[in-house]
Amino acid sequence: MGKLSTHVLDTVHGVPAQGVALELYRLDGDSRTLLTQTATNHDGRCDAPLLSGPALTKGVYELVFHAGDYFARKGVSLPEPRFVDQVVLRFGVANPDENYHVPLVVTPWTWSTYRGS
């Protein structure tokens, strides 16, 4: 059985991003269902998988990371409105028996992701 996990890396400070609030949604047509809300730990990861086993199903999901709030708490001078504020990653799970790791590498001006395992 597969699992879904994430972590956040702050490349401005060169550290794991601790305390980034995030939400996970499942999308079904026009419907968007909140599955979980959590925050990253001292290692920039969540303490448990976001989904695992039978809870991880084939479909489309969104992760919403509150990166702007994180950088504001770190004392980074941000423009108003923020250039990078909430980062929304929409991705698909084709095979729920596999592991899906969806990390975020972020600064106040750019972000990237990739599929890990």
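Everything that follows concerns the structure shown earlier in this document.
Summary of the structure given here.

Right, let's talk about the sheet that holds strand S4 (residues 21-28) for a bit. Taken in spatial order, the four strands of this open sheet run S5-S4-S7-S8, and their pairing is antiparallel. Single-partner strands in this sheet number two, and they are strand S5 (31-39) and strand S8 (86-93). Strand after strand, the sheet turns through a mean of 20° between neighbouring axes, direction not considered. Direction of pairing for strand S7 (residues 59-66) relative to S8: antiparallel, over a ladder of eight bridges. Across the sheet, tyrosine 61 pairs through a bridge with phenylalanine 91, a residue of S8.

With that settled, consider the pattern of salt bridges. Counting across every chain of the model gives six salt bridges. Between arginine 82 and aspartate 69 there is a salt bridge, and its shortest N-O distance comes to 2.7 Å. Of this pair, arginine 82 sits in the loop between helix H1 (67-73) and S8 while aspartate 69 sits in helix H1, and the two are 13 residues apart along the sequence. Taking relative accessible area as the criterion, arginine 82 reaches 24% and is therefore assigned partly exposed. Residue classification places aspartate 69 among the partly exposed positions, given a relative accessible area of 34%. Linked by salt bridges that have partners in common, Arg32, Glu62 and Arg90 make up one network.

So, how was this worked out
- Residues numbered from 1 in each chain as written.
- Predicted model: local features only at pLDDT ≥ 70, side-chain atom pairs only at ≥ 80, totals over all residues.
- Heavy atoms only, no water.
- Pairing = 2+ DSSP bridges.
- Helix = DSSP H or I, 4+ residues; strand = E, 2+ residues; numbered from the N terminus.
- Axes fitted to C-alpha atoms, helices over the stretch in contact; angles between N-to-C directions.
- Salt bridge = Lys/Arg side-chain N within 4 Å of Asp/Glu carboxyl O.
- Buried < 20%, exposed > 50% of the residue type's maximum accessible area, 1.4 Å probe, protein only.

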